[in-house]
Every structure is written in C-alpha cells, then in structure tokens.
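Okay, here's what each chain looks like letter by letter:
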Amino acid sequence: MAIYFVVDDQSPELTYSCPVTKEVVSGAYFNKTWTTVASDECQDGWFEYTFYGTEVEVIAFSSTLQNYSVKIDNSPWVAQYGRGALQSPPLADGQHTISYASGTLVTPTLDYLVVKAGASTPLQDRTIIVDDSDPGLVYGGDWSTQVPSSNAKDLSTASFRNTTHWSTTVGDTFEFSFSGSSVAVFGSFANISVGHNFSATYFVDGIPTVASIPHGTLDGLPLTRLFSSTEISEGTHTLSVNITQIYPPLAIGFDFLTFNASFPSLDKIPKYSTKPSSSNRVGAIVGGVLGGVVILVTILTIMLLRRRKRGYSFPNMNLTQRDLKWSADYCKDLVRKHDYEGFLISQFYPENVKGGYFALKAFSVELAMVQEHVSNQTIGKMRMQFWRDAVKGIHEGNPPRHPIALALHQASHRTNLPAYHLKRIVDARDAELSTPTHMTTESLTAHAESTSSSLLYLLLSLLSLPSSALSHAASHLGTAQTFTTLLRALPFHAKQGHVIIPAEITAKHGVRQEDVLRYGPDAEGISDAVFEFATAANDHLITSREMLKEEGMGGKVPARAVPIFLAGVHEVIQIIFYDLADPGPLTLMNKRFYQFSQDPYVRAHYFLAHYGPTEAMFHALGRGKILTEQVLNILQTSGAHLSRYLVQVAMHHYFHTASHFVKSTWVRSVPFGVFTHFLKLAEERYGDIPRAKVGFTPDPPGSRWPSSLKSVTWEAIREMLEKYNFIPFSNRDPLMAQFPLALAIEPRLLPYAVNNGFFMDSKYRDFVFRKMFERTATNDTEEIVHNAQELCRLDHTMFISRTVAAEVCMEAKTNVAGYNALKILDKSGNLRFELTDLVTDLIKTFVKTRSISVNPTIETLRHIYADYPSSDSTARVVMLIIFFNNPEHLLSSSEAIHAKLDAFKLTPVSKKDILSVLLNPFSNYSEIVLNYATGEIGEKDDGTKGMPPLEIKGLIAELISRSLEVSCKGKLLDRLKSGWSSTTVDEALKQGIERHHITLEDLPPSDDFIACRTFRAKLSRDHTRFLLFGDHDDVVNYSDEKSDAQDRSQPDEIEGDDAGSGSGKVVDSKSLGHISQETLTSMIREDEVAPIRLRRRAYHGLLPSHPAGKLPYPSDALPVGQWIKKTFGHRHRFTAIFMTHAVINDSENILDNYLPRSESIRHTRPSERVPVTLEHFKMLAHLGTTPNHRLYRDIEENCDFYFDEEDYLKQEAEASGSKSVKAEASLEVLPPSPVKSEAASSSPPSRRRKRPRRTATTVRSYAIPDSDDDNITDDTEIVKKPRPLESNLQKWILHLGEILKDEQRKHKEQKRKHDALLEPGVKSRVYRSDFYKSLSQNLRELRKVEDAKRTALYGENNAQETYTSDDDEEYLQRTRTTKRRKTTRNS
C-alpha cells in the first residue's frame, strides 16, 4: 500500500521566496489556513519545499486559468497552464526540491502539499492522509460513491482525490487500523437544507465517543472536521465509525482521515513490508479454509436458533467475552471515577449481580453528567434521544454497541429490569436540561422520584425483591439522597450560575441568587434556606424508616436489601452536617441528631470537610463549646494543619497580650483545660515556643538587594516553613494576601508552602509575577529571569500570563530590566505564547482608544514596534496614525515623509492604508496624509510618483462617502469641503447621503423580532454611547472585507487572536489572560490602595485605571450630523436623511442638536429645529423601538405636523424665494391642513360607534344661564360660535392615535395566534412592544396638554368638543362627564 503525508501551507518546512499573506479562515481549507501572494515578486518564485519521497502534489487554486511554472531539483522551469494545482511525475526515491512560481495566476491560494513516501522517507510524527478509497478501509452498510447532489464550492480544493463515500443510512460503518498517536476524520454534507442533525459514534480501540453536529452548523463545503482524538498513546489502534443519526435526503460524505504516525519509516509499519512476500499465497489458502469453516458453523447455528422457543435473544452474534468484559470494566471504572461512594457500596452486593449493579449505576452517572458535558441544550437532547433508543433496543434484545448498553443488556438476561424505570430516568434528565432549577419542593421531589428512586427500584429488581414496603421506603430514601447530593454540590452549581435549592425556600428566607453567586455561604438567608432544605431531606429519611415499621418489618431492613439501603444510615446525616455553616440548630431538633453530634469523630471531621485541612484547626478553636481534648487529638491525627505561627497567635489572643486581626472571641471560648491540652500538643511538636509578638514580612527591607546583601537569609525563611510549618491559617489573615508576593522574591519557598497546605489560586498568579517584574532601583534582569524560570519549574500551574506581559511591555521605556527579562524569557521558550504576537495584539487595542494620542503611549508603542515589527494590517494602521499625527510633518515634503516611514518599517503604504488612517477617529492632520498620498502613492501619466487627478478625485469621493458613517468625523468633512473642489465634494456628499436614504420598505420584516431589534441605521450614530462589553456606537471599518456587524462585535481588549501570526505555539487566549492597556506600575498601585484584607482577592485589570484614555472618540469631536445641519440648513434633504437615521438609532447628541430644548430657543430660533414627521413614528412602530423623549417634547411644544420629509421639503422649495414664516405659537390656530381629509380617508374604519360631534353655541335667551329649565321661550335664537380649527398638536394626537390603534390590532392578532398554539385552558401572555408601551403612555400625556390648552382658550365646557375621531381604548376609559344644557333651534 502507498503512504502519503500532508504538509500544510503554514508549515515552517516551506520556504517562501516573496512576500505572502497567511490567513486563518473557517472555510474548506486544511487546518483552516491558506497562503496567497502579496507581491508581484511571486511571479518569478513563490515557494520551495525539500522532501524525501517519490511523488509530490501541490493543492492550490486560482479563480481563472493562467500560466505558472514549476521545477523539480535542478531541472529547468516547466510552464504549466491551469488553476494552480500540480501532480508531479514519479520520482526516484530520495531527496527532492520543488520550486513554484505563480506566473500570471490571479490571487493563487496554496492550501497544502501531499508527498508519497518512499523507503528513505522519515515518517515519525508526520501527518499521514488516507483517502476514502484506500483498500485499508473496511465499509459496512449502504455506502455509495455517487454524489447525491452538487456540493458547494469555495476558492479551495474539491474532495481529496476527487472521491467520496456517501451515506444516508443509520448503521452504516467503516473501520480502519493505524499506527499513530492521533486521528481525525474529514468529510462534507449534501442536502443540508432538510433541517436535521447528524450524529455518529466513533470507537477508538472500543472506547466510544459520540460526536454530533447540529443542523445549523452543517457545512456543504469539503474538509469539515467530523471527529478528532489527540489523547491516545502511540501504537496500533483501530478506529470504527457508526452513523447513529441521519435523516435522508441529508447525506454524509466521508472524504479522508489523517493520523499522526508513530512509525519511523515504511519498513517499520506493522503488517507492511517494502518487499513482496512469498507467503501471500499460503495465507490466501489458509484464509479460504477458515472462511469455509466459519460459514458452515454459522449455518448450523442459525438452524439451531430456529428450533429454540422464543425468549431472550442475543442478536449481537459478533459479541465475544472480550466485548462483555470490556463493557463491564468500562462501567466499573466510570462508577469508580464519578460515584466513589457507590463504588464502595458495591462490595456488599453478591458477586453474581455486581455486573448489573455497575451497569445501572454507570447508566445513572452517564445521564447525570450529560448536562455538564454538552456545550448546548440541543446536543444534550440528542444524547438523551440516543439513550431512549438504547433502552428500547435493550428491551427488544437489540442494544447499540455502547459499553453501558451492552452491560445493561447482559444484566437483563439474569433478571427483569423494567424498561419503564430506565426510560423514566432518561426523561427526567432530559427535562433537567431545560429546567436545571426547581420552583417548588414538590417539583424537585418529583424529579428525585424519577431519578434516584427509580434507580433504587431497579436495584430492588436486580436483587429480586418485589416488595411494596421496600419500594415505598426506597421512594423516600431516593428523595433524601437527591436532596443531600444537591446540598453537597451547592458550591459547584453556584459556580455554574444555578441555585439548586427550590425557589420557594430561598424566597421564604430572602435569599437572592446574585448574593449566593457572589458571596457564597455568607449570602443573607442562605443558612436558613439550607437548614430547611436539609430538614426536608431528613423528613424523607424518617418516612422511609417509618415505612419499614408499618409493614411489619420492625423497622429493620431485610438482609438481602441491606446494600440498597446503606445510604440511609448516618451517612446522609453526616453529609448534611458537613455542608451546614452552623449545624447547631439541627442538633436541637431531636435526640437522634443530638446524639449524633456528640461523636468526637463527627465533630473533628466536620471542620476538616467543611473548611479543609489548612483552616480546620483555626475554625475549631473558634467553637470552644464543642471542642474537647479528643476532638483535638482526632484533628491532629487526621491531617489538620498546626503551625507554630497559629499557636503563637492563639496564645496572644487567649491571654490578651497582643492585638491581631481576629476581633471576635475566637479562642477565648475554649475551656482552659482544653486550651492547655492544645498547648501541650504544640509543645510536643515544636518544643519551647517563643512568646514574642510574631509577624511575617514577605518583602522586608533589603529584599530587592543581591543575595549577599540581604538581611534575612534564605535558610532562615526555609526554617520557618520547613521546621515550624509556617502558613497563613485563614483567609481573614492579612498575611494570606501578602504571602504570595514572597514567591516573587524567593520562588524556592513554593514547595515548602505547598507542603504546609498552601494553594496558589490563579488570581494570585498575576500579582506574583507583577511583583517579580516590578521596577525598582536594584532591579536585575538576570534575577528576574531566574526567579520566573524557577517558579514555573516548581509549579506547572504558574506561568507568565499575557496580561502581565502586556503590562511589562507598556513600561518598555521605563522598566528596562523587566522588559529585557521578558524578551529573554521569550527567546528561551519560557512563555506560553510568542512575544511578537502579544505585541501585535497589544498595539491593536489602541486602534479605538483615545490613549493613542498621548505622548508616553506613543513613545512606548514606537519602542516595542521597533523591536517586534508586525505585518498585521490593524497594527500597521495604529503605527501610521501615530506617525501622521506628528505636526512636524506639516512642513515636510512627501519625499521626506516617505523616508521617515521607511525608517520606521512602515512602508509600503497603500491607498487602503491611507483610507484607514483618515477614517480613524483619532487622525488629526488629514493634510499631511493626503499630501503624502497624492505625492508618493501610485504613478502619474508621465511616469512620476503620485496620483493622477482622476484617481485623487476618486480617493476624495470614497473618503467622503465612508466618513459619513463615522459619526465623529465632522471636522474632516469640513476641511475637505473648504480645501478641495466644491463640485467634487458636493457630488460625493450627494451620492453618499442619498445612498443611505431609508424608507419603510428598507426596514427588516416586522415579524422578524431579532432583525428589528438589532437594526441600526448607518448614519447619525452616537459615538459617545457605550454598548455592552465596552463597545461603542460608532463604527470604523479598517478594511473593505469587514462587515458592519463584525466591526461592532470586536471588543476593545483583544483576546489574543493568533490568526495569521504564523507562530508554532497554540494560544488559548482565555486561559492565558486578556490584554489591556494598563501599565505594570498602575496595576500594582491599584492593588496596594485596596483594603489589606481584600487585596488580590479579585481579578483586577478589567476596568481601566484611566477611563478617559479608553474612550473610543476624540475629546473635540464634531458629529457629522451637526456639521450637515450647520452647512446645509435645517430643512435640507441631507439634514432630513440624517434626522431619520438619528431617530432610528436614538442618537442623543444628534437629536439634542436637531431638536433643542425650549429654554435654548432664546438663543436658537424655533425655525432652526429639524421637523419631526409621522413617518418617523411609523418606522419606530415597524421596528418596535422606543421613540426618543425629544420627539414627544417637540410635539408637546406644538411643532408643525408633516406626514413625511417630502411635505416640508416641498414647501421649503416653493418658499425658497420668499421670507420664511415663523412657526405657530403654542396656542396659535392654523388653517385647516390640506392633508387632513387625505388622512381621514386613508385611515381604517373604526369598529366602535364614533362619538357624536357637538358644536358650541351662543344662546340668546331670557332663561337663567346654565339652568336646566325646559321652559325656554319660543323665540330663542341660537347663534353658532365659530368652531376652533385643528391645531398641530391635535393633528399629532389624531394620527398618533391611528398608529396606536394599529399597534393594538397587531398585538391582539399576535396574541390570538399564540393562543392557538397552546392547549385549551392554558393562558398565555404576549408582551407589548417598547413602541406600543411608550406611545400609549405619552399619547395620554399629550391629550392632557391639549385639554389644558383648550380649557384655557375656550373654557371648560368646550374643552373636549373638538375631537373628530375615536380615541384609543385606554383613553376612552378616562373620559370625563360634563353637564349638558338643553337647547332648541329655530326652524
């Protein structure tokens, strides 16, 4: 057989002969990487590769058919024509070199090379690739080589060797044996639009791994990694793949697999030889004879089985004793690892049922761990569905090939295991995925009944104990077990963000979930809640015992059932005791608890289990009333830490001889005799103990001096830790915060501290290394390097994080010793990341922060960039901004500027770089950048450097168009308009702004809730607004490829993305720390100003010490929207477009300028306010977002009513030559609007009867005014009072009311559809949109204002007589009743 190995494009074995671009992508590329050319130099030579082998293949791709050249060894260049791929002819076995020139290929993409190995090829640790057509693969099932549908293609390779095995059937398998230390399977999918998931089980040497791919992540491109395993030892292994979930027409295509070779050459491969063997014929003959015998035996077996009566069948005829032993060992090992108490109890079960016991316990453990082992709920649901099918298969005699399923099937042969209970456990764990917490104790009890109690029922069946009394007792015992298990796991679940105590108990005691997650056992009310929860567990335990008494068993468990009920003895009470902060109240509940608490062993182990060995003695001394001599003896013999330091502090505290951090009674509550015994134990261990006032100074004077000049020797400190077991014995001890810093000075302390129980928490780690790199007068580079290396050697969890390294780099100019030490550690390989990549990521954090313009920061970035230059585009933009922001370049020529750029290693500068610099919010001198661009970039028609006029015009147009989207670039636009051709600028502005004109049709569909809520208009963004995780509302695109959403999702703190770094180290940025712009000194000072007991107890560095430096906009920014209004006026089409965007984005700084407050109208004419239109409200209603309060305020101040911007723009055009008319006063009556009838006719008819329109009249009569007398004289004359015309405010109320009615209708329709999906009788609640709630509230307020104005103008009786349409439902409930006067009309 032939062996091929892969060489990735980013392998250091490849030598690139010209500038290239390396990228990391998520498409169809091997290792998700590709490399392309970055210069025309690659036309004559792109890359070279030297290898040992007999054949080489280049996997490359170009979008068009072009010419390129290849040569092998010393042969001449051979011209090729195609898309870039190459298959060499057969070569002699030995060393060869392939050279590749890109020629005229358009953006060629190199993915990987494949080499065919020869006898001389070294193969150890090579990545071997095996095609799906390899004869070593054994397929089982309905695999096909026919492609079910056309696959998606990318700018990458097709299937490897253009062959793929396809399957659409559950149960299809393939198997392959290999010799290596890792394995991965690759393939692709077809017909991915059917909406189903894919799942398969991968067995490596029989150990299964279920890998599922949800439908939403299915990819039709080739090279999708289906499975990988890197945790296998070197040697020969067998990979078996079984498809467990697939729904046609979805098809899975197996393309190839790879493994890391563990053999040095071809002749060392197991079962492989480079020479033909003469024994092949003999082997074939023997195989044929054996095959015939096997067939004969199979036929006889089938005949015998047909004669047997129906009963338990074992259809897995290929199972052997080895398989059964493997499944039994797997279950036993799983229980030992994850349920050690259950493993110990197994010793009480009879030998003939131990296998079934481990199978049931492993089944329970496996399902319980699904929730914490899956990344999302969908995968967990798939796992549960697998186990439902497995239970069904076990019951039908056809279990899946899973070790637990096989063990359960084997156990079911010996006894009846009801499938109902197995399925009940699966269903309960499935429901737990959706609701990990419970609201009531009753629901949690039901969950316990379905899990723990069901397991006990199965164990009763395993032991053949069908007793109703035992079942009832097991039911309550299972509930007690669940409750106590949850109490023990309370800290674990709290870290996962769950409070597992039922909500009705926590609410009763005032427990807040955030307090539990933040303060743990110190949360208010948590002790009382735990106590009540533990009491409920104990009640079930008592009930379980009572069940045994009532059934005539005398309260005793039958001998055969003892293994099942072992958990009901003192272990449950002991577990409850160990988890309570104060078990005292529990001991007072009954005599049994009290007697249990008197056991010295229980008391001693309570302190050990609850507080740990290091703090057990300290807390025991604080409980003097329960501390006895026997308890002290048990504590000492059981591993409780006792140091001379603790004894000295206890002596001082007991006899009031010295003040200490302990301010409570602590040891003074211990009886004198017991305290004397404590001193006696201390004397036996340490001899005569000094009574002087004790203390420990981790950083004494002179500690930074050379070792020969230190006042405190290393031997003295070692004696304190080694001989006298010194360690801070409580988290309350201030020394606990200071002690870790001693490791920065003397790392050799760490092993002795660990022996005394010290645990280096990760949050201490950064501060240890900060202190190690701290700038001091006697700082020495060699000492820092030595201490860092020594500390990392002594404890593998200690390492210099990216956080600390970035802080040291920020002091590169001032902390020279620390920075040089960091560089030495990088060169020696002591860092878990490449310092080059760190510097690049650090520089990238400044692209959006104001600190880029601070002089100390500028000098630091120049210094570290000079040491570690980067090809990253964002990092180069940062350095170019720093360079061009120097005002000294204003008087320099473009040639001089280019020479300086070349000295800073920032050339060549492209047009794209120029745009990125100018579009950055912190770019101050656009003149310098544009002068350089026009003089040094490109080539003119006469052959000289510089841009031709047409290209300059295009640059200015593109700059203006993109600047409109950067809301703080108003000054740049102002300079461009004043410094360049007005025709060019105006034309670019018109094209750029008109492109962003938004109508209702441009908005996302109203039924797409997520799209509407996340919709953001491109213009008029509020650059001063911060969003979640420090992001801001402004958007700056530094490349053409970045989308708007991608740019907003980038955090200001770069998390260490290594894309394109080309380093050989794999960086997990989350575990290696985040990068901020803080300096080492500022972080140390931040820690020192904190209270001493709180120091180093939290993660610092998440918030900046100088927030102003982290702002993403300059201090003197001019918003583009304000510049548009100032330049073109408040009633210009450009301003109207920006107004629409500002309303959609709720941009405060733009709306404050467009709609100034009424107080500012004295200084700003009302006519300068940009009109609000009804179209704005319709857009907000479509999106469901809350209108800005300034819109309502403007309407309240009686602003003009317009349907849309065309309304007032048309009026403005008609009145352009006449004198502008002032807006109406707050109570001014306007003539009837010509659009009134149009609106009334277009509005939908109301279902309610309209309120009758009434007319105010003036009555000439001899009757008493305002009387109700019906005897009015016949000659009464009624004179109509002139009806007040509609004001702007009334128009707004009328049309906003129509919008509100439409919102009410849509809400009712949505609720009706939602109710139709529910079961009858189930009530639902559909929440109103933010727009609905805002409009309904503010419309009422507008009506109140209008009523007040009408009352003041026309009198109280006529205040409400001008409504001409129905009001919204809520307002109708608030109408007032008025006295009506009877009148008659003259005919």
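Structure first, text after, so check above.
Sequence order as written defines the numbering, with residues in each chain counted from 1. In view of the model being predicted, local features appear only for residues whose pLDDT reaches at least 70, and side-chain atom pairs are presented and counted only at 80 or more, with totals across whole chains, interfaces and linings using the full set of residues. Excluding hydrogens and water, the side-chain values take into account all heavy atoms of the structure.

With that settled, consider helix α9 (residues 441-462). Only DSSP runs of H or I with at least four residues qualify as helices, and only runs of E with at least two residues qualify as strands; both kinds are numbered from the N terminus onward. To estimate the expected span of a helix, subtract one from its residue number and multiply by 1.5 Å. Look at α9: 30 Å from first C-alpha to last across 22 residues, which is about the 32 Å you get at 1.5 Å a residue. Two axes enter the definition of the bend at a residue: one is fitted to the seven residues ending there, the other to the seven starting there, and the bend is the angle between them. When the local axis directions of α9 are compared, the greatest deviation, roughly 35°, occurs at E449. Burial classes follow relative accessibility: with a 1.4 Å probe on protein chains only, a residue under 20% of its type's maximum area counts as buried, one over 50% as exposed, and anything between as partly exposed. α9 sits mainly inside the fold: 17 of its 22 residues count as buried. S464 lies just past α9 and shows a positive phi near 55°.

Disulfides are defined in this document as cysteine sulfur pairs within 2.5 Å. What the rule picks out here adds up to one disulfide. There is a disulfide in this structure between C18 and C42, and the S-S distance comes to 1.8 Å. Across the disulfide from C18 to C42, rotation about the S-S bond amounts to roughly 100°, and the bridge is consequently right-handed. Taken together, the residues span a long stretch of sequence, with C18 in the loop between β2 (15-16) and β3 (20-24) and C42 in the loop between β4 (33-37) and β5 (47-53) at a distance of 24 residues. You can call C18 buried: its relative accessible area is 8%.

This next bit is on helix α20 (residues 629-637). Residues of α20 that are buried include every one of V631, L632, I634 and L635, and no others. Within α20, the buried residues cover an arc of 165° as seen down the axis, which keeps them to one side. Directly beyond the C-terminal end of α20, a positive phi value near 105° is found at G639. It is the directions from the helix axis to the C-beta atoms that the arc portrays.

By the convention used here, strands pair only if DSSP detects at least 2 bridges between them. As paired strands, strand β16 (residues 198-204) and strand β17 (residues 207-213) are joined by seven bridges and run antiparallel to one another. Of the residues in β17, the one forming a bridge with T201 is V210. Hairpin geometry of β16 and β17 is characterised by an intervening segment of two residues between the two adjacent antiparallel strands and by a positive phi of about 55° at D205.

Okay, the packing of helix α34 (residues 911-919) against helix α36 (residues 949-963) next. Only the stretch in contact is used when a helix axis is fitted, and all axes are lines through C-alpha atoms; the angle between N-to-C directions ranges over 0 to 180 degrees. Close contact between α34 and α36 brings their axes to 11 Å; oriented N to C, the two are set at 40°. The angle between α34 and α36 falls in the class oblique. Handedness of the α34/α36 crossing: right-handed. Residues K911, L915, L918 and L919 of α34 form the contact with α36, whose participating residues are L955, E958, L959, R962 and S963. We call two directions roughly parallel when the angle between them is under 35 degrees, roughly antiparallel when it is over 145, roughly perpendicular when it lies between 65 and 115, and oblique otherwise. If you view the pair so one helix is near and one far, a crossing is left-handed when the near helix is turned anticlockwise from the far one by less than a right angle, and right-handed when it is turned clockwise. It only takes one pair of heavy atoms within 4.5 Å for two residues to be counted as in contact.

Bringing unusual backbone geometry into the picture now. Cis peptide bonds are those with omega within 30 degrees of zero, and the linkage from T907 to P908 qualifies with 0°. Residue position: P908 is located in the loop between α33 (894-903) and α34. Despite not being glycine, K905 has its phi angle at roughly 65°, a positive value. Structurally, K905 is set in the loop between α33 and α34. Not every positive phi belongs to a glycine, and D1146 is a case in point at roughly 55°.

Along the chain, H653 turns up in helix α21 (residues 644-654). Looking at H653, the relative accessible area reads 3%, which means it is buried. Contact partners of H653, with chain neighbours within four places excluded, come to V662, S664, T665, W666, V667 and R668.

It is worth spelling out the packing of helix α28 (residues 802-809) against helix α30 (residues 835-844) at this point. The N-to-C vectors of α28 and α30 enclose an angle of 70°; their axes lie 10 Å apart at closest approach. Relative to α30, α28 is oriented roughly perpendicular. Contact residues: R802, A805, A806 and C809 in α28; L835, L838, V839, D841 and L842 in α30. Under this grouping Gly is polar, as are all residues other than the nonpolar Ala, Val, Leu, Ile, Met, Phe, Trp, Tyr, Cys and Pro and the charged Asp, Glu, Lys and Arg. By residue class, the composition of the contact of α28 with α30 is seven nonpolar, no polar and two charged.

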